[in-house]
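Descriptive structure summary
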Amino acid sequence: MQLPAAFWIHPPELLHFDRWGRRCQHRTFRIPYTSSTATVTMASATATPPKPSARTNQPAPSLWSIPAPLQKLFNQFPLVTLDPNPLPARSQTLTSASDTLPTLYIFSSDEDALEGKPSINPTCLKWQTLLHLSHVPFLTSPSSNHASPTGSLPFLLPPRTVSPNPIPSTSIPLYISRHTNSPSPLPTSPRSEAYLSLLTPLRLAFLQTLYLTPAFTPLLKKFYIDPSTRSSLLGTILQTQLSAAASSAVLQGLGLHSQTGTGGIDSENLYADAAEALDSLAILLQESQTGWFFGEEKPSEFDAGLYGYVGVIMAHMDTPEGRLGGLVRRAGGGGGELVGWWERIRREAWGGDGLSEGGEK
Amino acid sequence: MALQLYVWGPAFGLPSIDAECIAAIAYLAQTTSKADYQLIQSSPSAVPTHHLPALHDPSTRTWISGYTSILRHLQTHPPPSFHDATFPPPTPTIQADSKAYTTFLSANATPLIALYLYVSSANWAASTRPAYSKILPMPLPWTEPAQLRQTMSARAEHLGMSSLDTDVETEKEEQEAAAARRAGWISIPASLTRGPSTVGEVMTPEEKRRIKLEGLAKDVLDVIGEVEWAKLTMGARCAVLGWVSLMIVDEGVPRRWLAEVTRQKYTGLVEFVEDCGRETFGPGPRGWESLPWVDEGTEAHGLGLKLYQRLGHGVMYEVPWIGEVWRRWWAEKRRRLVLEYKGVKQGPNRDRLVFAGLGITALTMGAAIWYWQTLPRFGALVQRWDQPVLAVGGLGAAGAFLSSMFDEL
């Protein structure tokens with residue numbers, strides 16, 4: 001840093017030379033309360049007086065300006081400029097189509113959601129099926145609980161041009177009745193409330209199968225862990241957390257302390273309870289003449305709710321290790337009511353094979 | 001040998017304090033002769049399934065817990081005198097309806113009872129907690145009721161009525177006040193503040209939430225109030241007896257919202273349950289006392305030691321972090337015992353490995369701590385000069401001569 005030339009012109013009485021012959025700068029301090037002045041020689045001595053005339057014509061460089069060699073070095077960068085990344089595949093469809101169609105956020109993988117395939121999560125599949133059954137066109141997008149305003153999936157985002165407010169899953173029936181010509185859903189009858197509680201033992205057995213049976217770990221990984229993280233360490237941690245949450249949910253449903261661990265769960269009883277529940281549902285279905293629960297003309301929310309479980313069970317757990325598949329097939333004395341009903345809903349909502357035709361219907 | 005049904009002890013003038021236990025007792029009392037079963041007053045820490053009611057069937061060497069499981073076991077492995085007129089059910093519809101309503105009761109009426117008798121601080125302190133103290137043998141009331149309250153509160157959590165638990169609220173307020181004091185805010189002593197001035201401040205949490213609570217109760221009671229229980233199976237009838245008789249408990253309960261709602265609006269249901277109770281347990285308010293109760297002490301010798309073992313586990317569960325691991329390990333161990341007893345082959349036991357690992361870790365930690373303690377402190381003197389003691393030995397040759405003289409003396 002160069003100082004202006006005038007700086008170096010001092011009153012002669014303040015110019016001193018120290019014992020090595022260097023010129024020293026003196027400063028005068030007034031010490032309070034003593035009214036005397038003390039002259040202190042600072043250690044900052046300038047060894048050689050600069051020649052003030054040499055640099056007077058150049059503009060004084062700023063304190064923050066970069067030295068030229070560094071500037072040259074920095075000018076080399078960036079070495080390569082890459083092209084911008086394309087947007088993820090799912091966002092392209094969403095940005096182009098979500099101006100006109102609502103989007104349902106569900107547990108799914110990127111590819112499956114793009115094709116509108118059924119979700120692996122019973123609650124998501126319930127609302128997905130109900131929207132299909134009501135012929136409301138919509139898109140699906142993979143998401144996680146963290147993205148949901150209510151803390152759990154699914155939720156529906158109306159077309160971007162209509163409203164920015166997400167609709168929680170409990171308000172979806174209202175949305176359906178508003179956007180189709182169907183009448184608003186009737187309040188549920190006490191008997192259907194009672195039968196709805198049969199989904200509780202079914203849910204406990206489902207949790208036991210998916211989260212706590214080692215044979216289904218690959219399925220769990222594929223649908224819940226791989227979409228969330230690619231790191232194997234994080235995946236393991238996530239899986240442990242999911243299993244712990246599932247076991248505490250099962251224990252709580254059984255009336256045990258939620259930290260008892262898997263040692264407190266009697267899986268035989270869980271499956272026996274689920275079998276009895278499925279039997280009762282099959283008997284209820286036999287009563288109905290229309291092929292849908294409670295003699296309705298077309299499948300209702302109750303049908304969709306049960307399909308949430310049965311759909312996932314028949315798609316992924318109809319194997320020797322997955323005992324629930326066998327239970328659905330044998331329900332109601334082996335008459336195959338539930339399997340027949342499952343195929344009817346699949347045709348009605350998903351158009352045949354149950355894997356195609358997402359938002360087109 | 002007779003079946004043994006382990007249940008929670010009697011309270012509120014009912015045979016048990018738990019709905020499932022009442023239902024199980026009622027079912028056994030109606031279907032099986034008294035010679036074929038024993039009722040044992042117990043607590044979950046005494047049974048390997050950690051849940052009451054628990055049925056021990058010595059003939060099949062099994063432990064079964066939970067009302068529906070016990071029902072299933074009795075129907076598939078009936079004791080000699082077992083007779084249930086409604087089994088097998090007359091029509092499939094009755095079977096399905098009975099199953100649906102039983103499940104509905106256990107899924108939806110349990111949270112209501114949890115709110116009424118467990119979450120609500122006033123009711124818990126005035127009636128439920130003393131009832132547990134009465135039915136549990138001595139050291140156990142220190143640990144078990146608190147854990148039970150935790151479990152029951154978790155079952156009612158989804159109803160979002162945790163404000164009935166005023167203990168939590170008071171604790172929170174105290175913490176806030178303490179934080180304010182620490183931060184240097186001026187605090188007004190309680191004696192100088194005004195008393196409650198608005199209606200809202202004098203109302204109890206139950207009174208404030210009365211409409212919401214009544215709504216919750218109505219959601220459940222509307223479903224079970226319309227059912228013709230007499231047409232359903234014995235299992236469903238016993239279930240409604242168990243759950244509803246706890247819902248209408250009002251003796252000694254300070255805030256009786258659930259009993260009031262049920263008794264006022266669902267008289268048919270209450271009448272049916274009271275008739276059913278008389279029919280099952282005999283006339284008189286305490287007819288169930290004539291059932292074959294067996295004292296737990298005569299059943300298991302050395303009960304005192306076992307009680308302290310159970311207390312020890314209860315205390316371990318309360319230790320933060322370790323309690324969770326302990327509970328899981330103990331449950332796993334008990335489950336293995338049950339399966340081995342039944343004759344199911346088990347994989348190798350890894351307990352020894354775990355304990356050896358824990359022991360080695362503890363030893364290593366101990367050794368490390370001991371070594372750390374022996375190291376000199378930071379800043380401690382590492383060299384010391386002492387002034388030599390002036391003795392005759394320090395005086396050269398004369399000194400040596402003198403000291404040898406002193407030694408000889």
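Quantities reported herein were computed from a predicted structural model and do not represent experimental measurements.

With that settled, the discussion passes to the overall build of chain B. In terms of regular secondary structure, chain B is built from 17 helices and 5 strands. A globule of 409 residues ought to have a C-alpha radius of gyration of about 22 Å, yet chain B, at 32 Å, is considerably larger. Principal axes of the C-alpha set define a box for chain B whose edges measure 120 × 70 × 35 Å. Relative to its full complement of 409 residues, chain B shows a buried share of 36%. Of the contacts made within chain B by residues no fewer than 6 positions apart, 69% connect residues no fewer than 24 positions apart.

UniProt feature "transmembrane region" (unreviewed entry): in the numbering of this structure it lies at residues 353-373 and 385-406 of chain B. This span, residues 353-373 of chain B, is 100% helix and 0% strand, and a straight line between its end C-alpha atoms measures 30 Å.

Residue and element names in this part refer to chain B. Reading across from one edge, S4-S3-S1-S2-S5 is the order of the 5 strands in this open sheet, with mixed pairing throughout. Across the chains shown, the open sheet's two edge strands, defined by having one partner strand only, are strand S4 (62-65) and strand S5 (293-294). Where strand S2 (residues 37-41) lies against S5, 2 bridges are found, and the strand directions are parallel. The partner of isoleucine 40 across the bridge, within S5, is valine 294.

Here we come to the interface of chain A and chain B. In this complex, chain A contributes 28 residues to the contact, which on the side of chain B involves 31 residues. Counting residues per element, the ones that place at least two in the side of chain A that touches chain B are helix H6 (190-196), helix H7 (199-212), helix H9 (232-254) and helix H10 (267-287) of chain A. A total of 9 residues in the side of chain A that touches chain B trace back to one element, the largest contributor, which is H10(A). Its residues assigned to classes, the side of chain A that touches chain B comprises 11 nonpolar, 13 polar and 4 charged.

Another aspect to go through is the domain arrangement of chain B. All names here are of chain B. For chain B, the domain assignment lists domain 1 (3-108 + 210-299) and domain 2 (319-361). Measuring from the centre of the C-alpha atoms in domain 1 to the corresponding centre in domain 2 gives 33 Å. Across the contact, 5 residues belong to domain 1 and 7 residues belong to domain 2. Of the residues in the side of domain 1 that touches domain 2, the class split is 2 nonpolar, 2 polar and 1 charged.

With that out of the way, let us pick up the environment of Ala54(B). Residue and element names in this part refer to chain B. Looking at the element boundaries, alanine 54 is found in strand S3 (residues 54-57). We classify alanine 54 as buried; it has 25 C-beta atoms within 10 Å. Considered as a pair, alanine 54 and proline 44 are 10 residues apart in the sequence and their alpha carbons are 8.6 Å apart. Those residues in contact with alanine 54 that lie beyond four places of it in its chain are Tyr6, Val47, Thr49, Trp63, Ile64 and Ser65.

Below, the discussion takes up unusual backbone geometry. Residues and elements named next belong to chain A. In this model, phenylalanine 77 is joined to proline 78 through a cis peptide bond whose omega is -5°. Within the fold, proline 78 resides in the loop between helix H1 (68-74) and helix H2 (89-97). Geometrically, the link from leucine 153 to proline 154 is a cis peptide bond, its omega value of -5° lying close to zero. Here proline 154 shows up in the loop between strand S5 (139-142) and strand S6 (155-157).

With that settled, the discussion passes to H9(A). All names here are of chain A. In a regular helix each residue adds 1.5 Å, so 23 residues correspond to 33 Å; H9 covers 33 Å between its end C-alpha atoms and thus fits that length. Those residues of H9 that fall on the buried side of the exposure criterion are Ala246, Ser247, Val250, Leu251, Gly253 and Leu254. Where H9 is buried, its residues touch H7. Directly beyond the C-terminal end of H9, a positive phi value near 90° is found at glycine 255.

This part takes up the pairing of strand S1 (residues 3-7) of chain B. Residues and elements named next belong to chain B. The element S1 is largely enclosed, with a buried count of 4 among its 5 residues. Taken together, the 5 bridges between S1 and S2 define a ladder with parallel strand orientation. Looking at the pairing, leucine 3 lines up with tyrosine 37 of S2. One ladder, built from 3 bridges, connects S1 with S3; its direction is antiparallel. Bridging from a neighbouring strand, leucine 5 pairs with leucine 55 of S3.

With that settled, consider the confidence of the model for chain A. Residues and elements named next belong to chain A. Summing up the model confidence of chain A, the mean pLDDT is 79 and the portion of residues at 70 or higher is 77%. Within chain A, the element-level pLDDT minimum falls on strand S3 (residues 37-41), averaging 42, and the maximum on H7, averaging 94. Contacts of residues 26-47 to residues separated by more than four positions or lying in other chains number 20 contacts, the stretch itself having pLDDT below 50. Within the model, the stretch residues 354-361 combines pLDDT values under 50 with 18 contacts to residues more than four positions away or in other chains.

So, about the packing of H10(A) against helix H12 (residues 323-330) of chain A. Angle between the axes and distance between the axes are the two parameters that describe a pair of packed helices. Residues and elements named next belong to chain A. Interaxial distance between H10 and H12 falls to 9 Å at its minimum, and their mutual angle equals 30°. Classified by the angle their axes make, H10 and H12 are roughly parallel. The element H10 and its partner H12 pack so that their crossing is right-handed. Where H10 abuts H12, its residues Tyr271, Ala274, Ala275 and Leu278 lie against Arg323, Leu324, Leu327 and Val328. For the contact of H10 with H12, the residue count by class is 7 nonpolar, no polar and 1 charged.

What counts, and where the lines are drawn
- Residues numbered from 1 in each chain as written.
- Chains lettered and ligands numbered in written order.
- Predicted model: local features only at pLDDT ≥ 70, side-chain atom pairs only at ≥ 80, totals over all residues.
- Helix = DSSP H or I, 4+ residues; strand = E, 2+ residues; numbered from the N terminus.
- Rg over C-alpha atoms; globule rule 2.2 N^0.38 Å.
- Buried ≥ 20, exposed ≤ 12 C-beta atoms within 10 Å, placed from the backbone.
- Contact = placed C-beta atoms within 7 Å.
- UniProt positions renumbered as here; feature names shortened; annotations may be inferred.
- Pairing = 2+ DSSP bridges.
- Nonpolar A, V, L, I, M, F, W, Y, C, P; charged D, E, K, R; others polar.
- Domains from an automatic or database assignment.
- Expected span 1.5 Å × (residues − 1).
- pLDDT = per-residue confidence, 0-100.
- Axes fitted to C-alpha atoms, helices over the stretch in contact; angles between N-to-C directions.
- Parallel < 35°, antiparallel > 145°, perpendicular 65-115°, else oblique.
- Left-handed = near helix turned anticlockwise from the far one by under 90°.

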